[in-house]
Amino acid sequence: MTTLPAIFVSHGSPMLALQDSPARRFLESLGRTLPRPKAILVVSAHWETLHGPAVSLATQPDTIHDFGGFPRALFEMQYPAPGAPEAAERAARLLEAAGIVVGRSSTRGLDHGAWVPLRLMYPEADIPVAQVSIVRGAGPAEHEKMGRALAELRKEGVLVFASGSLTHNLYEFRGQAVDAPAPAWVSDFAAWMKDRIEADDRAALLDYRKAAPFAAENHPTDEHLLPLFVALGAGGEGAHATRLHASFEHGVLAMDAYAFN
């Protein structure tokens, strides 16, 4: 069985599901470039739990419309992929074997960090999907450890798919057009991340809030970058990183995507 890469994508605004952009076109092509997984385990910035990660065991996960103020067409979208409870339970046991306390949910559906990019990548919704949460209050190192625990899934046909945003400061969104240029404080941070990721400089990455330029400006809170560290860990020690895509949306959202293998 082909070992799958661990993937990180930036899911940007929910409008990605409706609005043409380079990032949308990239995601529409991404599913065709990857070996077909038997299941997908999504680590989304939009599911946070306390005291440890949780996995979703739902057999038919609902499509969660966890946003407001967008066109009705977004709320009418569904992503009826089957659940992947076996892959989720396998993930839970791998995490527990690494000394991580894991919760289990029988009802958790797919939030927009999961279904928006997957709907573009796999529009047939015919690949089983489960989610694993990020941990509120835990930092990059704890999430990189989660990824290392999940790395074995890549050899078992499961796509470890981390969905967040390389930059995410919505306080700076003031109605800019989707193709508005990025200010230096956004582009400089994205460039630093690219250099450190491609160098596999984990010490700098795990300490990004101190080491990276404009870290606090791009991430007032960590949750949208934490999935990246899960993908980094799942790539394995000395993982080769490939930047699959880079663009900016609305000036303040870097839409970078990376593969780790």
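Please refer to the structure higher up on the page.
Note that the structure is a prediction, hence the values are computed from the model and not measured.

(A) Here's a closer look at the nonpolar core. Core analysis: the largest hydrophobic core is formed by 51 residues, its most contacted members being Met193 and Phe260. In terms of residues, this core owes the most to one element, helix H10 (residues 226–234), which gives seven residues.

(B) Structural context of the packing of helix H1 (residues 22–33) against helix H4 (residues 112–121). Taken N-terminus to C-terminus, the directions of H1 and H4 make an angle of 65°; their axes are 6 Å apart at the nearest point. Facing Arg24, Leu27, Glu28, Leu30 and Gly31 of H1, the residues of H4 in contact are Pro117, Leu120 and Met121. A class-by-class count of the residues in the contact of H1 with H4 yields five nonpolar, one polar and two charged.

(C) Just the environment of Leu4, in detail. Relative to the assigned elements, Leu4 resides in the segment before strand S1 (6–10). On the basis of relative accessibility, which here comes to 2%, the residue Leu4 falls in the buried class. Sequence separation of Leu4 and Val178 is 174 residues, and the distance between their C-alpha atoms is 32 Å.

(D) Expanded view of the packing of aromatic side chains. Inspection of the entire model under this criterion finds six aromatic pairs. A centroid spacing of 6.5 Å and a plane angle of 50° characterise the contact between Phe67 and Trp115, whose relative ring orientation is tilted. Of this pair, Phe67 sits in the loop between strand S3 (54–56) and helix H2 (72–76) while Trp115 sits in helix H4; the two residues are 48 residues apart in sequence, bridging distant segments of the chain. Neither Phe67 nor Trp115 differs from the other in exposure class; each is buried. Ring centres of Phe189 and Tyr208 lie 6.2 Å apart, and the angle between their planes is 70°; on these two criteria the pair is classed as edge-to-face.

(E) Molecular detail of the packing of helix H5 (residues 140–150) against H10. With their axes 6 Å apart at the nearest point, H5 and H10 run at an angle of 40° to one another. With respect to H10, the element H5 is oriented oblique. When the axes of H5 and H10 are compared, the crossing they make is right-handed. Across the interface between the two elements, Pro140, His143, Glu144, Met146, Gly147, Arg148 and Leu150 from H5 touch Leu226, Phe229, Val230, Leu232, Gly233 and Ala234 from H10.

(F) Seen up close, the pairing of S1. The element S1 is largely enclosed, with a buried count of five among its five residues. As paired strands, S1 and strand S10 (residues 257–260) are joined by three bridges and run antiparallel to one another. Bridging across to S10, Ile7 finds its partner in Ala259. Bridge analysis of S1 against strand S6 (residues 158–164) gives four bridges, and the strand direction is parallel. If you follow Val9 over to S6, its bridge partner there is Ser163.

(G) View of unusual backbone geometry. Notably, His51 is not glycine yet its phi reads approximately 70°, a positive angle. Here His51 is to be found in the loop between strand S2 (39–49) and S3. According to the relative accessible area criterion, His51 is exposed, its value standing at 75%. Phi at Ala125 takes a positive value of approximately 55°, unusual for a residue other than glycine. Tracing the backbone through its elements, the reader meets Ala125 in the loop between H4 and strand S5 (129–135).

(H) Layout of the pattern of salt bridges. Scanning the entire structure with this criterion turns up 19 salt bridges. In this structure, Arg24 engages Glu28 in a salt bridge whose closest nitrogen and oxygen atoms are separated by 3.2 Å. In this pair, Arg24 and Glu28 both sit in helix H1, four residues apart, roughly one turn of the helix. One salt bridge connects Arg148 with Glu144, and the closest N-O pair in it is separated by 2.8 Å. Here Arg148 and its partner Glu144 are both found in helix H5, four residues apart, which amounts to about one turn of the helix. Each of Glu89, Arg93, Glu96 and Arg104 takes part in one network of salt bridges that share partners.

(I) Geometry of the environment of His224. Within the element layout of this structure, His224 appears in the loop between helix H9 (215–218) and H10. The exposure class assigned to His224 is buried, which follows from its relative accessible area of 4%. Each C-alpha atom of the pair His224 and Ala190 lies 14 Å from the other, and the pair is 34 residues apart in sequence. With sequence-adjacent residues up to four places away left out, His224 is seen in contact with Phe8, His11, Ala45, His46, Gly164, Ser165, His168 and His219. Of the polar contacts made by the side chain of His224, one reaches the side chain of His46; its length is 3.1 Å. Of the polar contacts made by the side chain of His224, one reaches the side chain of His168; its length is 3.4 Å.

So, how was this worked out
Residues numbered from 1 in each chain as written. Predicted model: local features only at pLDDT ≥ 70, side-chain atom pairs only at ≥ 80, totals over all residues. Heavy atoms only, no water. Core = buried A, V, L, I, M, F, W, Y, C linked by side-chain atoms within 4.5 Å. Buried < 20%, exposed > 50% of the residue type's maximum accessible area, 1.4 Å probe, protein only. Helix = DSSP H or I, 4+ residues; strand = E, 2+ residues; numbered from the N terminus. Axes fitted to C-alpha atoms, helices over the stretch in contact; angles between N-to-C directions. Contact = heavy atoms within 4.5 Å. Nonpolar A, V, L, I, M, F, W, Y, C, P; charged D, E, K, R; others polar. Phe/Tyr/Trp six-rings, centres within 6.5 Å; stacked < 30°, edge-to-face > 60°. Parallel < 35°, antiparallel > 145°, perpendicular 65-115°, else oblique. Left-handed = near helix turned anticlockwise from the far one by under 90°. Pairing = 2+ DSSP bridges. Salt bridge = Lys/Arg side-chain N within 4 Å of Asp/Glu carboxyl O. Polar contact = N/O pair within 3.5 Å; in protein donor to acceptor, adjacent residues only side chain to side chain.

Take it as geometry only, folks, not as evidence of what the structure does.
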